[in-house]
Amino acid sequence: MKQFSFIQRILLPLLFVGVLSIISTAIHMFTVDMERIKAHALNEARELEDLLVMAESLVGEHVQLSMQILKQRSLDIGTPSIKGDIVLNNQQLADLKFGVQSQAFGTNLVDGVTDTVTGTATLFVKKQGDFVRIATSVRKKDGSRAIGTVLDPKGKAIPYLLAKKPFYGVVDILGEPYISGYEPIIDPSGNLIGAWYVGYKVDVKALDQAIKKWAFLQSGFAAITDYNNNIRFLSERVTQPEASKILKNPTDKWVIVSQNIPQWDFHAVIAYPAREAFWDSVSKLYPLLIMGGLFGLILIVLALQKLRQLVIVPLGGDPQTASTLVSRIEQGDFEEDGTRAAPGTLIGNMLKMRQRLREMLNELQQNAERLSVSSSVFAHAHDGIFITDAGAKITEVNPAFTTLTGYSREEALGRNPHELGFVYLRKSFFSKLFSNASNKVEWQGEAWCKNKNGSQYMASLDVFPVYDNAQQFQHYVGLFSDITQQKEHQKSLEHMAYHDPLTQLPNRALFSDRLQQAIARAARTKESVAICYFDLDNFKPINDKLGHEAGDQLLIMLAERLRGNLRETDTIARLGGDEFALLLCGLQTLDEYRQTLDRLLAEIETPFMINDETLKISASIGYTFYPSDNNPPDILLRHADQAMYQAKTNGGGHHHLFQLQASLFS
């Protein structure tokens, strides 16, 4: 009866508190983990958003350039106006003209832009509140030009055009996404009479392949939906009908996280089964439940042991003291409270038990947390990890190590990192590093490493020593990741941003940067800089006769020839079409610059052999000097452009100095 009373009063409440604590902690951890999964899904959706935004931004500059070319070539023909009517696809439309040329059914302007910078181009004429295509390189699915079709009245560009404002963004054209630009056509009276359009069709196949590989948990999937909630892109883990049913008729069985993509008017969606997230979170609670069960078992054993001692050993103090002490232990209070008792008595032993429980619980909690975190990080880290002893021999690696290096755990153990291809270009790297372990040497940086299959990769490497509490060296830990693609991608993006895609010459942006640098250097060294602008005199007949492919080949050969006749300090850039800019630095006199330009003109006039035909062209070059022409870079280039037009007016095939410069040098 006494044993039952003790268990009822002491043991059962203690077990209840322990179980309740474990359950409360488990519920809290479960809730936090479920929120973590949802937050991770939102991050995945934002990565999908970044993918589409990057696709749009990479093409945006080409859209701007294409629009400039289309507008300039249109206005070169003449002033826009409406004169008379035409009949197109059984509908009566206003006749849009540039100068005296009607643009209805025309192809020269739109195809010229398309052939020069790729993409698509269109001329619209305004019909009341609509815009109708009268000339376009956009094709229908049957291959015919989409003339006579109407710009979507509900499209995003309509309000901007009606307000006589330009619009740039992603739009749907005949059911396909285009990164596009629209600008209004205004007649001399200020009336809106039509619109220019240029655009690049989104590489749907590339985006589709990228999103197909997207995954979340075991059964989750990623999708991109348009403004009509139709699925445009979908990961391959689910079929189109299944995904549509889940997204359009959501239930509690699925968690759906959506991220708006305003540039596209699309939505990035991550969907995953709620049941799968539930079990994923529950699986992480097993260590806690095991620890709680172990803790409960220890308490039961110790309580039964003390029950036996109560029968055969004197209390060693006031019964109320024993009762209070037991009550504190029952409540999980193991802190020191000033209670004292003779050694070997019940209370004395209970005090020792309380102290040991306090130390044991603290140690168990600390060890469990460290082991759980360390094991999870080591096993699931995407970065490779290796641990070595004091002799630089590997003692442990994680799974990512095998993935990145190609060496299995068994192959890596007992070997020096250098033997496995780490920092292979510096043979003594690890021996020197590890010899300084007593000085707590840590190394961070990037280095070339070699995979087991012989391939090389650039790695971000961090090697650091680990010490115990007594500051005694234990081992080295190395963290590394493969950043080869990241470096190559960065280099590719930088090249694309600053070079012409056809000739690989610097583009306008890179030329402007080098011009600013040259002016700054000239201001310091008091030397002169020649800014040149030149245009090919008879390039268009070659395009008309042999086609744009031959014209492109001629431009590529010309660029290579010009590069070979310039110094490394000079810069030749393609600004668009057959227009180029040239930066000459370091020459001393006007005659030296003229001799250089004469040599370039002679190189340009040297015949080209393309498709078994001999082609001959010439160029008109205009140039100015800094600092005698002391103006900002854009004004200097404009002066060179004006001088080029003067050279072309005088018959072409020669160079002409900007008028202000000619007077200063005379």
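The model shown is predicted, which means the values in this text are computed figures rather than measured ones.

Reading the values: rules and limits
Residues numbered from 1 in each chain as written. Predicted model: local features only at pLDDT ≥ 70, side-chain atom pairs only at ≥ 80, totals over all residues. Heavy atoms only, no water. Pairing = 2+ DSSP bridges. Helix = DSSP H or I, 4+ residues; strand = E, 2+ residues; numbered from the N terminus. Axes fitted to C-alpha atoms, helices over the stretch in contact; angles between N-to-C directions. Contact = heavy atoms within 4.5 Å. 1 Å grid on protein atoms, 1.4 Å probe; cavity = no way out; pocket = protein on both sides within 12 Å on 5 of 7 lines; lining within 4 Å. Points joined across faces, edges and corners; volume = space filled by probe spheres on them. Disulfide = S-S within 2.5 Å. Buried < 20%, exposed > 50% of the residue type's maximum accessible area, 1.4 Å probe, protein only. Salt bridge = Lys/Arg side-chain N within 4 Å of Asp/Glu carboxyl O. Polar contact = N/O pair within 3.5 Å; in protein donor to acceptor, adjacent residues only side chain to side chain.

Caption draft 1: Structural view of the sheet that holds strand β19 (residues 571-576). The five strands are arranged β19-β20-β18-β23-β24 in an open sheet whose pairing can be described as mixed. Taken across any chain shown, the strands that pair with only one partner, and hence form the sheet edges, are β19 and β24 (655-657). Adjacent strand axes in the sheet meet at a mean angle of 20° when their direction is disregarded. Where strand β23 (residues 619-626) lies against β24, three bridges are found, and the strand directions are parallel. By the bridge assignment, Ile 621 is partnered in β24 with His 655. Helix α14 (residues 508-525) contacts β18 (529-536), β19, β20 (579-585) and β23 of the sheet and is inclined by roughly 20° relative to β20.

Caption draft 2: Molecular detail of the layout of surface pockets. Taken as a whole, the largest pocket spans an internal volume of roughly 1,500 Å³. Forming the boundary of the largest pocket are 42 residues, of which Ile 69, Arg 73, Asp 76, Lys 540 and Asp 578 lie nearest the centre.

Caption draft 3: Here's a closer look at the side chain of Ser 481. Following the sequence through the fold, Ser 481 ends up in strand β17 (residues 473-482). Apart from residues no more than four positions distant in its own chain, Ser 481 is found in contact with Asp 383, Leu 404, Met 458, Ala 459 and Ser 460.

Caption draft 4: Looking closely at the state of the cysteines. Inspection of every chain in the model, using the stated rule, returns zero disulfides. Free cysteine: Cys 532, not disulfide-bonded; nearest cysteine sulfur from Cys 585 at 9.9 Å. With relative accessibility at 0%, the residue Cys 532 sits in the buried group.

Caption draft 5: Representation of the pattern of salt bridges. The full count for this structure, using the stated rule, is 14 salt bridges. Close ionic contact of Lys 452 with Glu 411 constitutes a salt bridge, the shortest N to O distance being 2.6 Å. A residue pair is termed long-range when its members are at least 10 positions apart, and Lys 452 in the loop between β15 (443-450) and β16 (456-467) and Glu 411 in helix α11 (residues 409-412) qualify at 41 residues. Taking relative accessible area as the criterion, Lys 452 reaches 42% and is therefore assigned partly exposed. Salt bridges sharing common partners tie together Lys 393, Arg 415 and Glu 419.

Caption draft 6: View of the sheet that holds β16. Read from one edge to the other, the open sheet built from five strands follows the order β14-β13-β17-β16-β15, with strand pairing classed as antiparallel. Sheet topology places β14 (394-397) and β15 at the edges, where each strand pairs with a single neighbour. Going from strand to strand, the sheet's axes swing by 30° on average, the running direction of each strand aside. Examined bridge by bridge, β16 and β17 share nine bridges and lie antiparallel to one another. Within the sheet, the bridge partner assigned to Ala 459 lies in β17 and is Asp 482.

Caption draft 7: Representation of the side chain of Asn 398 in the model. Mapping Asn 398 onto the fold places it in the loop between β14 and α10 (399-405). Since its relative accessible area comes to 1%, Asn 398 is described here as buried. Of note is the side chain of Asn 398, whose polar atom sits 3.1 Å from the backbone oxygen of Asp 383. Separated by 2.9 Å, the side chain of Asn 398 and the backbone nitrogen of Ile 385 make a polar contact. Excluding its chain neighbours within four sequence positions, the residues that come into contact with Asn 398 are Phe 378, Ala 381, Asp 383, Gly 384 and Ile 385.

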